Amino acid sequence: MLYIKCPYCGLRAQKEFSYGGDATVKRPNINEEVSSEDWDNFVYMRKSPRGKHIELWQHIAGCRQWIKVQRDTATHEIFQTAKVTEEIR
Amino acid sequence: MSQPFRLNKEGLINRNKKISFTFNGKKLFGYEGDTIASALIANGIHLVGRSFKYHRPRGFFGAGVEEPNAKLQVEFNGHSEPNVNATEMELVEGLSATSQNCWPSVNFDVGAINNFLKMFFPAGFYYKTFMWPKSFWYKIYEPFIRKAAGLGVASIEKDKERYEHKFEYCDLLVTGSGPSGLASAYAAAKNGAKVILAEDKPRFGGTLLTDDVSIDNLSGKDWAEKIITELKSMPNVTVKNRSQVFGYYDHNMLVMFERVSDHLETKSKFTPRQRLWYIRAKETILSTGSIERPIVFGNNDTPGIFLSAAAKEYMKVYGVLVGKKPLIFTNNDSAYETALEFKKNNVEPIILDTREEHSSELIDEAKSKGIDIRFSHGVIVANGYKKVKSAKIGKLNKDKNSFEKIETIECDCICVSGFWTPSVHLASQSGNKLKYEEKIDAFIPDKKKQHETSVGAANGSFTLEESLKHGFENGSNLSAKITETKTEISIPNVNEKKYGAHDKFWCMPLPKNENPKRFVDFQNDVSVSDIEIALREGYRSIEHVKRYTTLGMATDQGRTSNLNGLQLVSNIENKIVPEVGHTTFRPPFTPITIGTIVGREVGMEYMPTRKTPMHEWHEKNNAVFVDAGAWKRPRYYKQGSETLFEASKREAKNVRENVGICDVTTLGKIDIKGPDAAEFLNRVYTNAWMKLPVGKARYGLMLREDGIVMDDGTTTRISENHYHMTTTTAQAANVLSHLEYYLQIVWPELNVNVVSTTEQWAGAAIAGPKSREMLSKLYPDLDVSNEALPFMGYKEAEFFGVPSRIFRISFSGELAYEINVKSDHGMFMWEKMMEVGKEFGNQPYGTEALSTLRIEMGHVAGPELDGRTIPSDVSLNGLVSKKKDFIGKNSLGREAFNVESRQKIVGLIPIDRKSSIPEGSHIVQDQNAKLPNPKLGHVSSSCWSVENNNPFSLAIMKDGKNMIGKKFFAVSPLKNKSIEVEVISSHYVDPEGKRVRS
């Protein structure tokens, strides 16, 4: 069970979180034209990297904030966590 | 009642307390502190089970967790537990143990015929034998294998015991209380660290209890006791015996299995039987010690053959002799300690040492005590069927591949030692890639992946001095980094015997024309020849050899067999062991009970039960409940001997004719506030929200980004910047997360807050043609006319003095209202409604009637919004705005969503107007067509239409709208039904929707 540092609440067990996918995907702006290709990329296309991956988690049984987690998909090592408004380099 | 093999004084058992038990029906006794194994051996009983494949007689081999043979069915405290390790289970009064895998008895086992047919049971025999004829598999082979395989019998009784889970955090977890573990825990504790020390056995001390050593002029045992006593007195230390750390998981979480009360005679009803600890440790010291490695020889599985350290443990801890004419068969010095211990207890051992004659501290001591030592000797084959009677021994030639002399000598036990294997299981589970240490011919931990440090024998250090030093140093350094305190501890003076080098020799050759089984893995009956066959047949990877032969599998996970297996493979393949590699170590290290894994999450505690504030009323009025997620909802209210079908028909009919009330508290409710709330809703829903006036509700449809319908519900504008959203019961949590995702991540610029208010409001729907009359009696001071409170209108008013919200919305398709009051007032509201509604023929209705009402109206719900439908599939394209953007809009343009023949919602009625159509039925053109019969659609919801008095179903069907008027078959292979149906509109009742507006 992972040990995830919520930027609001501190270190908490994985049980309290739910996974939310790639955090680097940006939704096309609302009310703006978007090409089919860009839209399909946004909805369907995800990388499945081995190694460092910046992803979203929601502290669902805690503060309910969505957070960013940089995790190694092979070893589960967590390098950094941040608020969604913050950057992970 | 004498115990022929019990020593007079030795041991740590309590001789003042006798404990009686039975074994295979025979009444026996032992002492407090005995295991089942030690008590049986004291009584001279060695034959305890039959082997897995050949049903060969088996006895004890070890004295603890390494035991591969002695698995018993044990009954105590009203349990019957299979596969209990006799060498670990402590004796309790009245315990009854029986042998497994034998019939009719362990003494005479019919299955033992397999032993004489063994040429038919080579490695992989399952795969080879049971392949043909194919039809035999289900009826003959599989039942036969199921009967023959397996060990004990699982109880079918409900487990009445209590099991617990516990979460703990610490600076340092120490796994094992041998010398290195004690030293580590002590040093860390002195630095002020929060320490947990876990010991698998009932007694602390590990090898200190059995080795002839002294520390600071105290015996090993006394030193261990002194350290433990001090640790126990420290507030920052938790010391746990009978506790096995069995798994090492991510981010330094370890899981420990504590046997809390099986050894107790009495306990309170709140004492759990076993406890599972989830321990998050900043650092972990793995002081798990080592397990003695056997040497392979002919019939080496005969009862009476022990690991030499186990024989010593039986003497020193339990005061029990495993035999009175022992042969000690060794390739190293440690077995000499066993020999000396026998000698001390006036038993004359003979030592067979595979090494050539040489000298060491222990050999010299043995010699000086007059022990018969035969160098370059080994056991070729053990004689005796149910117990060792003699052994054929041989003098090995220089190359150790044949014999210079063979003779038979009498003995009643053989104590074998092939040196030591560090217990690296936890280190390996943590991600540590192991390395092969030539010096000890075993794997030890290499680079760490997590915060773990192996010390002592687990790290390949087999001297007490080194173990203590490692322990003190690592315990001190690791904890000092955390506590930033360092207390100097002087490493104590140690007195121990020095061991010479071991012999790299683990498998005795066989003389010509002799072919006894030489077992590598006792638990799975894997012999040398099985491994040879696997390699001959082309298996190369050690993982494949393991699976083909079953080497190292099952409850003991090859603790005594893995390395000998690897050694054999490498010898045959002419490789070195590190090239062959090792199989993966996986948790759990030892078997743990299912009860412990489950903990308190059984029955009612399996998941939380959500009850509405009106639950008690429903209970009192014969509601039959249905689970809706965690909620309990009334499915129907049973009157007399009514069936579900009759009751739901009555309730639905009453709504259509009079009025009914339904508990709708479970609907998800989300409060939405903020100046940008309207804009937010406009983006979340497919329809337009900017112009909804205060005091009005609107039906909304929500999509996922891929265009699939996510949820539907009504949202009401309570005030300028305040909305009340409802979701379906099932999607409540998902919708909240969905909204939070967009507000926090995608559009943080929107000034909106959302919060779940599902539990804050109790809700009741009032539905039926008489609902307005009833409402007027509930709110005598309020104008409830169609003009004042029209369809989709909203009002706030006092309900007999209680603040309430009135929504004119309808799921049933009738004139209907929903009243919300604060949860605390839910019961008051409900009872008032029942009281006031009497004169209008009001009756409560459950989810079954609710479904009937919505299905015949063609209102969609979960079965239609099944994660595969877009708005136009379910006739909701009218709600999809063409003018504005919203979540999922871009996906609706996809080609496949816009083909004419795409699936659409339709209604179905059976041609005979009688046969109910099972939900999930497939719609086909020809019920007798050859398979695969092209599927045109499926039945999503079915009901008995109370309006038209015949069955009616909703279906999602290819090109559905153009199929109206045509006939098909709805076939359900599951229910074995095929019903001829006609396709009609999905709006079966009141297609214009007049009633809701009336």
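Residues numbered from 1 in each chain as written. Chains lettered and ligands numbered in written order. Predicted model: local features only at pLDDT ≥ 70, side-chain atom pairs only at ≥ 80, totals over all residues. Heavy atoms only, no water.

Next up on the list: the overall build of chain B. Along its length, chain B carries 24 helices and 50 strands. Expressed along its principal axes, the backbone C-alpha trace of chain B runs to roughly 115 × 70 × 55 Å. A total of 998 residues make up chain B; the buried ones form 59% of that total. Counted over contacts in chain B with a minimum sequence separation of 6, partners at least 24 positions apart contribute 66%. Counting every atom, chain B has about 41900 Å² of accessible surface; 52% of that belongs to carbon and sulfur. Looking at chain B, you have 130 positive and 122 negative side-chain charges, and the mean spots of the two groups are 3 Å apart. (Helix = DSSP H or I, 4+ residues; strand = E, 2+ residues; numbered from the N terminus. Buried < 20%, exposed > 50% of the residue type's maximum accessible area, 1.4 Å probe, protein only. Contact = heavy atoms within 4.5 Å. Areas by Shrake-Rupley, 256 points an atom, 1.4 Å probe, with all protein chains shown as cover. Lys, Arg positive; Asp, Glu negative; His and termini not counted. Charge placed at Lys NZ, Arg CZ, Asp CG, Glu CD.)

Turning to the overall build of chain A, a few remarks are in order. A count of helical and extended segments in chain A gives one helix and six strands. Traced from its N-terminal end to its C-terminal end, chain A shows the element sequence β-β-β-α-β-β-β. Over its C-alpha atoms, taken along the principal directions, chain A stretches across nearly 40 × 30 × 25 Å. Per-residue burial over chain A gives 40% buried out of 89 residues. Long-range contacts, defined here as pairs at least 24 residues apart, represent 43% of the contacts in chain A between residues at least 6 apart. For chain A, the accessible surface area stands at approximately 5200 Å², while carbon and sulfur atoms represent 46% of it. Side-chain charges in chain A split into 14 positive and 12 negative, and the spacing between the mean points of these groups amounts to 9 Å.

For the rest of this paragraph, the subject is the pattern of salt bridges. Between side chains of opposite charge, a pair can form when the charged atoms approach closely. Residues and elements named next belong to chain B. Applying the stated rule across the entire model yields 68 salt bridges over all chains. For Glu168, the salt bridge goes to Lys194, with nearest N and O atoms at 3.1 Å. With Glu168 in strand S8 (residues 163-175) and Lys194 in the loop between helix H5 (179-190) and strand S9 (195-198), this pair connects stretches of sequence that are 26 residues apart. The exposure class of Glu168 is buried, given its relative accessible area of 18%. Linking Lys832 and Glu835 is a salt bridge whose minimum nitrogen-to-oxygen distance equals 3.7 Å. Taken as a pair, Lys832 and Glu835 lie in helix H22 (residues 826-837) at a separation of three residues, close to a single helical turn. (Salt bridge = Lys/Arg side-chain N within 4 Å of Asp/Glu carboxyl O.)

Our focus in this paragraph is the interface of chain A and chain B. Contact with chain A, which involves 26 residues of that partner, is made by 26 residues of chain B. Carbon and sulfur atoms make up 54% of the area that chain A and chain B hide from each other, which totals about 2300 Å². Counting the surface chain A buries against chain B, the share from its top three residues, Met1, Arg27 and Ile30 of chain A, is 28%. In this assembly, chain A and chain B are joined by two salt bridges. Seen at the junction of chain A and chain B, the total is 13 residue pairs in polar contact (both at pLDDT 80 or more). Among the secondary structure elements, those contributing two or more residues to the side of chain A that touches chain B are helix H1 (36-43) and strand S4 (52-58) of chain A. Among the elements that make up the side of chain A that touches chain B, the one with the highest residue count is H1 of chain A (three residues). (Buried area = accessible area lost by both parts, 1.4 Å probe. Polar contact = N/O pair within 3.5 Å; in protein donor to acceptor, adjacent residues only side chain to side chain.)

Purely spatial values, then, with no claim about function.
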